[in-house]
2 protein chains.
Amino acid sequence: MSGRTTGPVRLLLADDEHLIRGALATLLSLEDDLVIVAEAASGPEALSMARAHEPDVAVLDLQMPGADGVKVATSLRAELPGCRVLIVTSHGRPGHLKRALEAGVRGFVPKTVSAQRLAEIIRTVHAGNRYVDPELAADAIAAGDSPLTAREAEVLELAADGAPVAEIAERAALSQGTVRNYLSSAVSKLGAENRHAAVRLARQRGWV
Amino acid sequence: MSGRTTGPVRLLLADDEHLIRGALATLLSLEDDLVIVAEAASGPEALSMARAHEPDVAVLDLQMPGADGVKVATSLRAELPGCRVLIVTSHGRPGHLKRALEAGVRGFVPKTVSAQRLAEIIRTVHAGNRYVDPELAADAIAAGDSPLTAREAEVLELAADGAPVAEIAERAALSQGTVRNYLSSAVSKLGAENRHAAVRLARQRGWV
DNA sequence: CACTCCGCATGACAAATGTCAGACGGTGGT
DNA sequence: ACCACCGTCTGACATTTGTCATGCGGAGTG
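Quick caveat, the model's predicted, so the values are computed rather than measured.

Participant: Mind showing me how you'd approach the interface of chain A and chain B here?
Facilitator: A common way to express how large an interface is: the accessible area buried when the components associate. Contacts between the two partners involve 29 residues from chain A, matched on the other side by 29 residues from chain B. With both chains or domains summed, chain A and chain B bury close to 2,200 Å², and 68% of this area falls on carbon and sulfur atoms. Across the chain A-chain B interface, the total number found is 0 salt bridges. Inspection of the chain A/chain B interface yields 11 residue pairs in polar contact (both at pLDDT 80 or more). Those elements that provide at least two residues to the side of chain A that touches chain B are α1 (18-29), α5 (115-126) and α10 (195-204) of chain A. In terms of residues, the side of chain A that touches chain B owes the most to one element, α1 of chain A, which gives 8 residues.

Participant: Help me understand the sheet that holds strand β3 (residues 57-61) of chain A in this model?
Facilitator: Sheet strands line up and pair through hydrogen bonds in the backbone, either parallel or antiparallel. Residues and elements named next belong to chain A. Overall, parallel pairing links the 6 strands, which are arranged β2-β1-β3-β4-β5-β6 in an open sheet. Edge positions in the sheet fall to β2 (34-40) and β6 (131-132), since each has one partner strand and no second. Of the pairings in the sheet, the one linking strand β1 (residues 9-14) to β2 comprises 6 bridges and is parallel in character. For valine 9, the partnering residue across the bridge sits in β2 and is leucine 34. Seen against the sheet, α1 touches β1 and β2 and runs at an angle of roughly 165° to β2. The sheet strands contacting helix α2 (residues 43-53) are β1, β2 and β3, and the helix crosses β2 at an angle near 135°.

Participant: I would appreciate a short explanation of unusual backbone geometry in the present structure.
Facilitator: Apart from glycine, the bulk of residues carry a negative phi angle, and the bulk of peptide bonds sit in the trans form. Notably, alanine 173 of chain A is not glycine yet its phi reads approximately 55°, a positive angle. Under the relative-accessibility criterion, alanine 173 of chain A is labelled exposed at 67%.

Participant: Explanation requested: the protein's contact with DNA strand D in the structure shown.
Facilitator: Within the structure, DNA strand D sits among 15 residues, and Arg180 of chain A together with Arg151, Thr178, Asn181 and Tyr182 of chain B are positioned closest to it. Valine 165 of chain A is positioned such that a nitrogen or oxygen atom in its backbone is 3.0 Å from a phosphate oxygen of DNA strand D. Threonine 178 of chain B places a polar side-chain atom, nitrogen or oxygen, 2.6 Å from a phosphate oxygen of DNA strand D. No other element matches the 5 residues that helix α9 (residues 176-190) of chain B contributes to the surface near DNA strand D. Classifying every residue of the surface near DNA strand D by side-chain character gives 4 nonpolar, 7 polar and 4 charged.

Participant: Please explain the domain arrangement of chain A as it appears in this structure.
Facilitator: On domain assignment, one finds that chain A holds domain 1 (9-143) and domain 2 (150-204). Computed over C-alpha atoms only, the centres of domain 1 of chain A and domain 2 of chain A are separated by 33 Å.

Participant: Hey, could you run me through the protein's contact with DNA strand C in this one?
Facilitator: Of all residues adjacent to DNA strand C, which total 16 residues, the nearest are Thr149, Thr178, Asn181 and Tyr182 of chain A together with Arg180 of chain B. The protein-proximal atoms of DNA strand C, defined as those within 4 Å of the protein, are 64% sugar or phosphate. Valine 165 of chain B is positioned with one of its backbone polar atoms (N or O) 3.0 Å from a phosphate oxygen of DNA strand C. A distance of 3.1 Å separates a phosphate oxygen of DNA strand C from a polar atom in the side chain of arginine 195 of chain B. Those elements giving two or more residues to the surface near DNA strand C turn out to be α9 (176-190) of chain A together with α9 of chain B. No other element matches the 5 residues that α9 of chain A contributes to the surface near DNA strand C. Grouping the constituent residues of the surface near DNA strand C by class yields 4 nonpolar, 8 polar and 4 charged.

Participant: Honestly, the nonpolar core in this entry has me stumped. Any pointers?
Facilitator: One recurring pattern in soluble globular proteins is that nonpolar side chains are buried together. Within the largest apolar cluster, 48 residues are counted, with the highest numbers of intra-cluster contacts made by Leu28, Leu118 and Ile122 of chain A together with Leu28, Leu118 and Ile122 of chain B. In this structure leucine 118 of chain B touches Leu19 of chain A together with Leu24, Leu28, Leu86, Val88, Val109 and Val113 of chain B, once residues within four positions along its chain are discounted.

Participant: What exactly am I supposed to notice about the relation of the copies chain A and chain B here?
Facilitator: Placing chain A over chain B gives an RMSD of 0.1 Å and needs a rotation angle of 180°, together with 0.1 Å of translation along the axis. Read as a symmetry element, the transformation amounts to a two-fold axis. Identified as the residue of chain A closest to the rotation axis by C-alpha distance is alanine 23 of chain A, at 2.5 Å. Of the interface residues in chain A, 100% have counterparts in chain B that sit at the interface too, so the contact is made through matching surfaces.

Participant: Any chance you could explain the UniProt feature "domain: Response regulatory" (unreviewed entry) in chain A here in plain terms?
Facilitator: Mapped onto this numbering, the UniProt entry gives "domain: Response regulatory" (unreviewed entry) at residues 10-126 of chain A. As a span, residues 10-126 of chain A carries 47% helix and 23% strand, and end to end its C-alpha atoms are 10 Å apart.

Participant: Just checking my understanding: could you explain helix α5 (residues 115-126) of chain B for this structure?
Facilitator: Given 3.6 residues per turn, any residue in an α-helix points the same way as the ones three and four places further on. Residue and element names in this part refer to chain B. For α5, built from 12 residues, the straight-helix expectation of 16 Å at 1.5 Å per residue is met to within 8% by its first-to-last C-alpha distance of 16 Å. Of all the residues in α5, the buried ones are Ala115, Leu118, Ala119, Ile121, Ile122, Val125 and His126. The buried residues of α5 occupy an angular sector of 165° when projected down its axis, which confines them to one face. Glycine 128 lies just past α5 and shows a positive phi near 105°.

Participant: Would you explain the packing of helix α7 (residues 150-158) of chain A against helix α8 (residues 165-172) of chain A in this entry?
Facilitator: Describing two packed helices takes the angle between their axes plus the distance from one axis to the other. Residue and element names in this part refer to chain A. Where α7 contacts α8, the two axes come as close as 9 Å, and the packing angle between them is 130°. Relative to α8, the element α7 lies oblique. Here α7 and α8 pass one another in a crossing that is right-handed. Where α7 approaches α8, its residues Glu154, Val155 and Leu158 are matched on the opposing element by Ile168, Arg171 and Ala172.

Participant: Which parts of the structure should I look at to understand empty space enclosed by the protein?
Facilitator: Think of a ball as big as a water molecule: rolled over the atoms, this probe shows where empty space is left. Within this structure, the stated rule accounts for 5 cavities of 30 Å³ or more. For the largest cavity, the calculated volume is near 80 Å³. Looking at the lining of the largest cavity, the elements with two or more residues in it are β1 (9-14), α1 (18-29) and β3 (57-61) of chain B. Taken together, the residues that form the lining of the largest cavity break down as 8 nonpolar, no polar and 4 charged. The space that makes up the second largest cavity amounts to roughly 60 Å³. Along its surface, the second largest cavity is lined by Leu13, Ala14, Asp15, Ile20, Leu24, Val59, Leu60, Asp61, Val88 and Lys111 of chain A together with Leu19 of chain B. Residue assignment for the lining of the second largest cavity shows that the elements contributing at least two residues are β1, α1 and β3 of chain A. In the lining of the second largest cavity, the residues fall into 8 nonpolar, no polar and 3 charged.

What counts and what doesn't
- Residues numbered from 1 in each chain as written.
- Chains lettered and ligands numbered in written order.
- Predicted model: local features only at pLDDT ≥ 70, side-chain atom pairs only at ≥ 80, totals over all residues.
- Heavy atoms only, no water.
- Contact = heavy atoms within 4.5 Å.
- Buried area = accessible area lost by both parts, 1.4 Å probe.
- Salt bridge = Lys/Arg side-chain N within 4 Å of Asp/Glu carboxyl O.
- Polar contact = N/O pair within 3.5 Å; in protein donor to acceptor, adjacent residues only side chain to side chain.
- Helix = DSSP H or I, 4+ residues; strand = E, 2+ residues; numbered from the N terminus.
- Pairing = 2+ DSSP bridges.
- Axes fitted to C-alpha atoms, helices over the stretch in contact; angles between N-to-C directions.
- Buried < 20%, exposed > 50% of the residue type's maximum accessible area, 1.4 Å probe, protein only.
- Near = heavy atom within 4 Å.
- Nonpolar A, V, L, I, M, F, W, Y, C, P; charged D, E, K, R; others polar.
- Domains from an automatic or database assignment.
- Core = buried A, V, L, I, M, F, W, Y, C linked by side-chain atoms within 4.5 Å.
- Least-squares fit on C-alpha atoms with pLDDT ≥ 70 in both.
- UniProt positions renumbered as here; feature names shortened; annotations may be inferred.
- Expected span 1.5 Å × (residues − 1).
- Arc of directions from axis to C-beta.
- Parallel < 35°, antiparallel > 145°, perpendicular 65-115°, else oblique.
- Left-handed = near helix turned anticlockwise from the far one by under 90°.
- 1 Å grid on protein atoms, 1.4 Å probe; cavity = no way out; pocket = protein on both sides within 12 Å on 5 of 7 lines; lining within 4 Å.
- Points joined across faces, edges and corners; volume = space filled by probe spheres on them.

Here is the structure:
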């Protein structure tokens, strides 16, 4: 039902850490039914490699220079609908999982799994099924959806690097009072002490 | 010169990401003169493994649950002076490098190097030499030493999660005015807009 | 259509934060 | 011994931030 010809699963591997990517390539190559057809060290590179080699499954690191795994997945979905995407990550933030699934990603696993297990998951994804790490899924469900409105999230993001209200107001083209109001509402929705703690919480949950 | 008997270099591998640790173990095992005698997924585990197996070189990830690579290195230095320590990291913050060298670490490399290169560096370290990634070294020199006094750093750290001044004052057993003063001085020394930006900068440079 | 609800926006007031001038004690140099 | 210097510490004052009451306008409902 996958409409694919038989033969080894053709993989694209993208991760900016050469050490990990190389090691992973070697290890996955040991599996008889898997073959790495391309490697990339950044988001844009992953895209162009995918176009050139049309892999069956793309294994993407979530954090890469240029464009993160989810952005790459979105583009791939449009350009190569036959290519399944599997995301691998070190720090699993709940919000990222949600964004990833919305981008059509078929698998989402932390780097704490073994290579053996990863190979199995690659086969699962290639067969057309989905796979999400149970622990990350639980976290995502516990965290739930973002309670923030678009404006609140926007303002909170501008506040992320400790900028004063005046600067946020200018960048968002709002009055200072309005900015304070949004921040205040975001802070109370998140149950934080102040806006800086709120930024940390929102980041943790992947809402910004 | 190293006072060691000849034979393969005995390695301890510690990294909390199973995927990477396993892949790395496989890849390094391919080198004839390297052999992995122990693996660990956390700081404390790395220590007990090192005690049990007395490796020639310990390859430690900088960020691990329990105790980070530098803390482990400090303990190892005291308990197994013959064991060289090589630290591997994803996000190289200048301050970490400095702390690592003070802890007697012999090598410090980012995960962007290839496994082949890592094997060479392991041999370099085992031979008694030091190796520090040139780019990380340049960053560390550019960042320089922390200009913060002990108190300033302490207060800044307490401010890290967005706690209000009153709470910081209580936790540091200081008056609120004093706390503000330290924060103010830290902020101006770092050239930041406010204390939150200062926290970010100090973290970036590895000064907290 | 009228009504209600909710997100968006604003200004006034209270509270927290940042800035300043200055006091005290220990260290090192003369 | 004396002095200058630096880190530590404090309170008073200006600025920034957080909270509140309130107004405006579109979406959904009766």
